[in-house]
Amino acid sequence: MKKVIKILGYLIGGLALIAVGFFAFVSLTWEKKFDAPYPTVSISSDSTVLARGQYLVYGPAHCATCHIDPNDYEAMSAGQLVPLAGGADLIIPPAHFRPRNLTPDKETGIGALTDEEVARVMRYGVGHDGRVIFPFMPFENMTEYDLNAIISFLRSQPPVNRKIEPTEYTFLGKAVIAAGLIKPIAPSSTPAKDMKQEASVVYGEYLANSVANCAGCHSPRDLKTGEFTGPKFSGGLAFEEVSGTFITPNLTPDPETGLLAKWTEASFIQRLKAGLVHEGTPMPWSSFAMMDEVDLKAIYMYLNSLPPTKNLVAQTVIRKETEE
Ligand code: HEC
Ligand code: HEC
């Protein structure tokens, strides 16, 4: 009996040591600084460039969905250029994320950041302070033209003085950083200078993967690290939101389980233009509703060119039981 207690004692002591060690490891190592090159940026005041930047920011690249005040969503959905001054709270297990004020205000916005620092966040996922940024903004393969257009547009906006508190990580968030599970991103090859905006599979692939992040939500992933764990666009990723669980449908052309197999180009365009249907969904419908027809056609063509993947997502919206 005594022996058993002794062994148990060692075991518990050992476990406690491991726990303390892990806690110390995380506390000491999570504040890592990362290095990444600063992309070259050329700011323009050309009206075509600024119009492209505005279109991307409020439309397909949906910076606005995350970087505006949630009280302004309705105005944004109605087409107003509400300021990108921050104010949203993304509270998920790794952290309380607070998207930054992207107006050129010197004190509280990107006025304090260089163009190259902003570009580095987009291409490499490394913040101005060297922090690794969780994968909300996978713009690493954006064309040079589009990257320049976005930063040019942001710089052209009126500054709004609004202080946004820094992101606060939970222990889980710090642990995944300390363990090296969140890595900076990088372009998969030298980013294209520009791309023809036309109804083509190539342009659709670009939009769905490198601008609108359809791939990021409509694919199986590990939500703690963002790692892809199955075929892209096959759906099934579940988001726990306040009002219920939202599960992404399979966007591949699989005849039995793929959503796109049942939709015509016209119904696809009509659905995206219609915007938000299910209140509380994480999909940035209001931004995507601003996409023009050429872009939507290109995405439809690309999705239909994907290898069909069988993955049945029976229900995409599961509401919480509300207790009265
Ligand atoms: C899905 C939500 C989301 C979208 C879309 C998004 N952002 Fe962000 N952004 C965030 C969050 C969250 C942070 C704060 C991250 C942090 O503090 O770790 C952030 C931070 C930033 C930062 C500051 C990083 C730093 O150095 O501290 C910049 C610059 C930025 N975003 C630019 C953009 C641009 C430009 C776009 C559109 C092309 C965009 N974001 C789209 C969520 C988003
Ligand atoms: C931030 C996550 C997110 C992003 C980004 C996203 N989606 Fe979704 N999408 C969802 C979720 C969750 C649903 C299911 C709930 C709903 O219908 O709103 C959904 C539903 C859909 C539907 C089905 C709508 C219906 O009426 O049944 C289509 C089509 C769709 N997405 C296409 C796209 C396309 C195309 C893109 C890129 C341009 C995209 N999604 C980007 C999360 C996302």
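The structure contained in this document is the topic of the report that follows. Residue numbers here run from 1 along each chain, matching the order of that chain's written sequence. For this description, chains carry letters from A and ligands carry numbers from 1, given in the order in which they are written. Local features are withheld for residues below a pLDDT of 70 in this predicted model, meaning they are given only at 70 or higher, and side-chain atom pairs are given and counted only at 80 or more; totals for whole chains, interfaces and linings count all residues. To get the side-chain values, all heavy atoms of the structure are used, and hydrogens and water are removed first.

Right, let's talk about the pairing of strand β5 (residues 244-247) for a bit. Pairing between two strands requires that DSSP report at least two bridges joining them. Only runs of H or I of at least four residues qualify as helices and only runs of E of at least two qualify as strands under DSSP, and these elements are numbered from the N terminus. Across four bridges, the pairing between strand β4 (residues 238-241) and β5 is antiparallel. Its bridge partner lying in β5, Glu240 is registered against Thr245. The antiparallel hairpin formed by β4 and β5 contains two residues in its connecting segment. Taken together, the three bridges between β5 and strand β6 (residues 317-319) define a ladder with antiparallel strand orientation. Directly across from Phe246, in β6, lies its bridge partner Val317.

We now examine the sheet that holds β5. In spatial order, the strands read β4-β5-β6; together these three strands make up an open sheet with antiparallel pairing. At either margin of the open sheet sits one strand with a lone partner, and together these are β4 and β6. Direction aside, neighbouring strands of the sheet carry axes that sit 15° apart on average. Where helices are involved, their axes are fitted lines through C-alpha atoms of the stretch in contact, as for all axes, and angles between N-to-C directions lie from 0 to 180°.

So, about the coordination of the iron atom of ligand 2. Around the iron atom of ligand 2, the protein supplies His218 (NE2) and Met283 (SD) as donor atoms, at distances of 2.0 Å. Under the relative-accessibility criterion, Met283 is labelled partly exposed at 22%. Only nitrogen, oxygen and sulfur atoms qualify as donors, provided they sit within 2.8 Å of the metal or within 3.2 Å for Na, K and Ca; with water excluded from the atoms, sites may seem incomplete. Burial classes: relative accessible area under 20% of the type maximum marks a residue as buried, over 50% as exposed, and values in between as partly exposed (1.4 Å probe, protein chains only).

What follows deals with the environment of Lys3. Counting through the fold element by element, Lys3 comes out in helix α1 (residues 2-29). On the basis of relative accessibility, which here comes to 64%, the residue Lys3 falls in the exposed class.

Considered as a void within the structure, the second largest pocket measures approximately 540 Å³ in volume. Lining the second largest pocket are 26 residues, with Pro135, Ile185, Arg221, Gly226 and Phe228 sitting closest to its centre. Listing elements by their share of the lining of the second largest pocket, those giving two or more residues are α8 (201-211) and α9 (214-217). For this classification, the nonpolar set comprises Ala, Val, Leu, Ile, Met, Phe, Trp, Tyr, Cys and Pro, the charged set comprises Asp, Glu, Lys and Arg, and every other residue, Gly included, is treated as polar. Here the residues of the lining of the second largest pocket sort into 13 nonpolar, eight polar and five charged. For each domain, the first and last residues come from an automatic or database assignment. Inspection of the lining of the second largest pocket shows a minimum of three residues originating in each of domain 1 (33-189) and domain 2 (195-324). Cavities and pockets were defined on a 1 Å grid built over protein atoms only: a cavity is a set of grid points that admits a 1.4 Å probe from which the probe cannot escape, a pocket is an open set flanked by protein on both sides within 12 Å along at least five of seven lines, and lining residues are those with an atom within 4 Å of any such point. Grid points are joined across faces, edges and corners, and a volume is the space filled by probe spheres set on the points.

So, on to the side chain of Thr248. As for its position among the elements, Thr248 is in the loop between β5 and α10 (265-274). A relative accessible area of 8% means that Thr248 is categorised as buried.

So, about the site of ligand 1. Whether a residue is near a molecule or strand depends on its heavy atoms: it is near if one of them lies within 4 Å of it. Taken together, 24 residues form the shell around ligand 1, and within it Cys63, Cys66, His67, His128 and Met137 come nearest. Whenever a nitrogen or oxygen atom comes within 3.5 Å of another N or O atom, the pair is scored as a polar contact, on the condition that within protein one atom can donate a hydrogen and the other can accept it, and that pairs from neighbouring residues in sequence are kept only if both atoms are in side chains. In this structure, His67 approaches ligand 1 through a side-chain N or O atom, which is 2.9 Å from a nitrogen atom. Within the side chain of Arg131, a nitrogen or oxygen atom sits 3.0 Å from an oxygen atom of ligand 1. Put simply, the parts of the chain that give the shell around ligand 1 at least two residues each are α3 (63-67) and α5 (115-124). For the shell around ligand 1, a count of residues per class yields 16 nonpolar, five polar and three charged.

Now for the coordination of the iron atom of ligand 1. Note on the iron atom of ligand 1: its protein donors are His67 (NE2) and Met137 (SD). The metal-donor distances range over 2.1 to 2.2 Å. Geometry at the iron atom of ligand 1 is octahedral, judged from the six donor atoms that bind it and their angles of 83 to 180° at the metal. Here the residue His67 occupies a position in helix α3, and Met137 occupies one in the loop between α5 and α6 (144-156), the gap between them amounting to 70 residues. Judged by relative accessible area, which is 9%, His67 ranks as buried. For a four-donor site, all angles between 85 and 135 degrees give tetrahedral; for four or six donors, opposite pairs above 155 degrees with the remaining angles between 65 and 115 give square planar or octahedral; all remaining cases count as irregular.

This brings us to the site of ligand 2. With respect to spatial proximity, 24 residues lie near ligand 2, and among them Cys214, Cys217, His218, Arg271 and Met283 are the closest. Contact distances for ligand 2 include 2.7 Å between an oxygen atom and a side-chain N or O atom of Arg271. One nitrogen or oxygen atom from the side chain of Thr281 is found 2.8 Å from an oxygen atom belonging to ligand 2. Partitioned by chemical class, the residues of the shell around ligand 2 number 17 nonpolar, six polar and one charged.

Spatial strand order, β1-β2-β3: three strands in an open sheet with antiparallel pairing. Of all strands in the sheet, those bounded by a partner on one side alone are β1 (90-92) and β3 (168-169). Summarising the sheet, strand β2 (residues 95-97) and β3 pair through two bridges and their orientation is antiparallel. Paired with His96 across the bridge in β3 is Glu168.

Spatial relationships are all this shows, so hold off on functional conclusions.
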